[in-house]
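Chain by chain, the residues:
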Amino acid sequence: MAKIASSLSNVFTVLDRSSSTALHRQLYNQLREAILAGRLAPGMRLPSTREMANELSLARNTVLNAFDQLYAEGYLVRRVGDGTYVSRELPDDLLRIKGAQAVRKHPPQSGRLISEWGAAVTSISVSPGTYHGPPRPFRTGTPALDAFPYKLWGRLLARRWKESGPAIIPYGDSAGYLPLRNAIASYLSTTRGVQCVPEQVVITSGSLHALEIIARVILERGDSAWIEDPGFLGARAVLTGAKARLVPVPVDADGLNVSAGARRCANPRLIYVTPSHQYPLGMTLSLSRRLELLRLAGKTGAWIVEDDYDSEFRYLGQPLAALQGLDTEQRVIYVGTFSKVLFPSIRIGYAIAPTDLVDAIVHARSVGGHQSQTLDQAVLADFISEGHFARHVRRMRKLYAERQQVLLKAARSELDGLLDMKASGAGMHLIGWLPEGVDDRAASRAAFDRGVEVTPLSAYCLEPQQRGALRLGYTGYTSKKIWTAARRLAAALKTLD
Ligand SMILES: Cc1ncc(COP(=O)(O)O)c(C=O)c1O
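Just so you know, these numbers come straight off a predicted model, no measurement behind them.

The rules behind these values
- Residues numbered from 1 in each chain as written.
- Predicted model: local features only at pLDDT ≥ 70, side-chain atom pairs only at ≥ 80, totals over all residues.
- Heavy atoms only, no water.
- 1 Å grid on protein atoms, 1.4 Å probe; cavity = no way out; pocket = protein on both sides within 12 Å on 5 of 7 lines; lining within 4 Å.
- Points joined across faces, edges and corners; volume = space filled by probe spheres on them.
- Nonpolar A, V, L, I, M, F, W, Y, C, P; charged D, E, K, R; others polar.
- Pairing = 2+ DSSP bridges.
- Helix = DSSP H or I, 4+ residues; strand = E, 2+ residues; numbered from the N terminus.
- Contact = heavy atoms within 4.5 Å.
- Axes fitted to C-alpha atoms, helices over the stretch in contact; angles between N-to-C directions.
- Near = heavy atom within 4 Å.
- Polar contact = N/O pair within 3.5 Å; in protein donor to acceptor, adjacent residues only side chain to side chain.
- Areas by Shrake-Rupley, 256 points an atom, 1.4 Å probe, with all protein chains shown as cover.
- Sits in = over half its atoms within 2 Å of the grid points.
- Buried < 20%, exposed > 50% of the residue type's maximum accessible area, 1.4 Å probe, protein only.
- Right-handed = clockwise from strand over helix to strand, strands pointing away.
- Patch = residues over 30% accessible without salt bridge, like charges linked within 9 Å, V, L, I, M, F, W, Y side chains within 5 Å.
- Salt bridge = Lys/Arg side-chain N within 4 Å of Asp/Glu carboxyl O.
- Left-handed = near helix turned anticlockwise from the far one by under 90°.
- Phe/Tyr/Trp six-rings, centres within 6.5 Å; stacked < 30°, edge-to-face > 60°.
- Lys NZ or Arg CZ within 6 Å of the ring centre and 35° of its normal.

> Tell me about the layout of surface pockets, and please be specific about residues and values.
Empty space among the atoms becomes apparent when a probe as large as a water molecule is rolled across them. Computed from the structure, the largest pocket encloses a volume of approximately 810 Å³. If you trace the largest pocket, you find 31 residues lining it, with Ser 127, Thr 140, Gly 141, Phe 232 and Lys 340 closest to the centre. A class-by-class count of the residues in the lining of the largest pocket yields 15 nonpolar, 10 polar and 6 charged.

> Residue-level account of the sheet that holds strand S15 (residues 469–473), with values.
Spatially, S12-S13-S15-S14 is the arrangement adopted by the 4 strands of the open sheet, whose pairing is antiparallel. A strand with exactly one partner marks an edge of an open sheet, and here the two such strands are strand S12 (420–421) and strand S14 (455–456). In terms of strand pairing, S12 meets strand S13 (residues 429–433) through 2 bridges, oriented antiparallel. Its bridge partner lying in S13, Asp 420 is registered against Trp 433. Packing of helix H16 (residues 440–449) onto the sheet brings it into contact with S14 and S15, and relative to S15 it is tilted by some 40 degrees.

> Got a sec to walk through the site of the ligand? Specific residues and values, please.
Surrounding the ligand, one finds Gly 206, Ser 207, Leu 208, Phe 232, Tyr 272, Tyr 279, Asp 307, Tyr 309, Thr 337, Ser 339, Lys 340 and Arg 347. Within the contact set of the ligand, an oxygen atom lies 2.8 Å away from a side-chain nitrogen or oxygen of Lys 340. Protein burial of the ligand: of its 400 Å² of free accessible surface, 87% is covered by the chains. Here the ligand occupies the largest pocket. Residue composition of the shell around the ligand, grouped by class: 5 nonpolar, 4 polar and 3 charged.

> Can you explain the sheet that holds strand S5 (residues 224–229)? Please cite residues and give values.
Consider a sheet: its strands pair through backbone hydrogen bonds, and that pairing is either parallel or antiparallel. Within the open sheet, the 8 strands sit side by side as S4-S11-S10-S9-S8-S5-S6-S7. Their pairing is mixed. The open sheet is flanked by strand S4 (201–204) and strand S7 (255–256), the only strands paired with a single partner. Two elements, S5 and strand S6 (residues 245–252), share 6 bridges in a ladder whose sense is parallel. Residue pairing for S6: Trp 226 is matched across the bridge by Val 247. Lying over the sheet, helix H8 (residues 178–191) contacts S4, strand S10 (332–337) and strand S11 (349–352), oriented at roughly 115 degrees with respect to S4.

> Run through the pairing of strand S8 (residues 270–273), naming residues and quoting values.
Burial of S8 is two-sided: the residues Leu 270 and Tyr 272 facing one way and the residues Ile 271 and Val 273 facing the other way are all buried. Pairing of S5 with S8, which is carried by 3 bridges, proceeds in the parallel orientation. Of the residues in S8, the one forming a bridge with Ile 227 is Tyr 272. Examined bridge by bridge, S8 and strand S9 (residues 303–307) share 4 bridges and lie parallel to one another. Bridging across to S9, Ile 271 finds its partner in Ile 304. Between S8 and its parallel partner S9, the chain crosses via helix H12 (residues 287–300), and the hand of that crossover is right-handed.

> Explain a nonpolar patch on the surface residue by residue, including any values.
Taken together, the side chains of Leu 287, Leu 291 and Leu 326 make up a nonpolar region of the molecular surface, amounting to roughly 250 Å² of accessible area. Mapped onto the fold, Leu 291 is located in helix H12.

> Outline the packing of helix H9 (residues 207–218) against helix H13 (residues 355–367), listing residues and values.
Describing two packed helices takes the angle between their axes plus the distance from one axis to the other. Where H9 meets H13, the axes come as close as 9 Å, and the angle between the chain directions of the two elements is 115 degrees. With respect to the hand of their crossing, H9 and H13 are arranged in right-handed fashion. Within the contact between the two elements, H9 uses His 209, Ile 213, Ile 214, Val 217 and Ile 218 and H13 uses Leu 357, Ala 360, Ile 361, Ala 364 and Arg 365. When the residues that make up the contact of H9 with H13 are grouped by side-chain class, the tally is 8 nonpolar, 1 polar and 1 charged.

> Can you lay out the packing of aromatic side chains for me, pointing to particular residues and giving the numbers?
When we look at a pair of aromatic rings, we describe it by the centre distance and by the angle of the planes. Under the counting rule described, the total for this entry stands at 14 aromatic pairs. Measuring from ring centre to ring centre gives 5.7 Å for Trp 153 and Phe 343, while their planes differ by 85 degrees; the resulting arrangement is edge-to-face. You can see Trp 153 sitting in helix H7 (residues 150–168) and its partner Phe 343 sitting in the loop between S10 and S11, a full 190 residues away along the chain. Seen from their ring centres, Phe 232 and Tyr 279 are 5.3 Å apart, and the 75 degrees between their planes marks the pair as edge-to-face. One end of the pair, Phe 232, is in the loop between S5 and helix H10 (233–241); the other, Tyr 279, is in the loop between S8 and H12, and 47 residues separate them in sequence. The lysine or arginine in question, Arg 79, covers the ring of Tyr 85, its NZ or CZ lying 3.7 Å from the ring centre. Across from the ring centre of Trp 117, 5.3 Å away, lies the NZ or CZ of Arg 216, which sits over that ring.

In structure tokens, the structure reads:
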């Protein structure tokens, strides 16, 4: 490290000779920074390159290099036979000192940084925790990444690339890669009872993205939107961003309480619902409620958004048919994702749009950005059409049922009296109810301090709930990890009053 000589000490800090950044680049950066911050004022004369090199104990070439760059970018000017000066031509708004004063003088004119939408989405979250890094128990929404068929996926990827590289490199179709849309339409009609043709399938970067597009296409500011309470934070964030009037609708053992919703708001524009497996409590929307909901939508013209995020994982009996399959009036927009059934970073989801909405949704999809990689979509289409997808789902269903049993056993042994957890016939997480009076956010914090991630039920609620609970994902973790985490969670919960 070279200490800077006193006459230039208000300009430079130190030049670091051990850094991987070349000395001339460091010198350039510091001179530029000093000019922008006003420490070297416009019109100020600089020492000659020779003087500066001496003062900083640098080779003259190093200083010449830095100066050349600053001349080229207009920060310095050379006057022949006179010397080097800081340019007087720097636009005022480049100078941070003046810029900062200007902002202070005229805050309203120059102070609007972001839109109302920007402000709304900045203040909301799509997930309750700030969990980063590799998933650890009991983070939710995590498939068994230890059981993903990596080799097979890699083989399909290599084959696709080799066989159709030039065909899949250009921008893709705005609605998504047609063979994938075909594969999804056929998968959904056979396994989920969804009524659709491939033209209704719009590929998105996940189901949250699909929700965002749908909200943009159908909502005006102030429109009423029913949302399950407790419910998916991502949907709440999207609807808040769209400036909708959120109507929290309670759920009970039969799922969304349609008549309670109608009492609160009889004429919603949008209804967001998770019929197969209510998010996060896990009940199924009963047939009578399904019919009641469809009747209401038919009568009022409301759009129902059916989020079928984890319906592949039903451990008892057959997967339930989708609400969309019962809809005779084209009021349901069906949304699905491969995040849970394959892996989250695949970023492929889809909307099945009623025919009246397809065009608007496809356009909104393309205005918001081009389609994601055709290569990924093509590999996924092959994975589905060659039967690997169905096999993977069958394997995961078995594995997840086993992992749920492990969690229940560990809970019975370690968490008795601390967390009341019941088996569930579906899904990727369980709800553990805390004893009366225990604050679920405090419980979640205490668990986090011991390396266990459990989300508090209250984070998903718009209206206060009577009893606290924790949400525990189990699908992504081996037995050993589940047992260790259950013990740590018990230790954490014992610290609470
Ligand atoms: C209920 C629900 N819907 C949608 C999503 C979003 O999934 P994607 O990764 O496809 O955006 C999630 C993710 O956690 C979810 O839990």
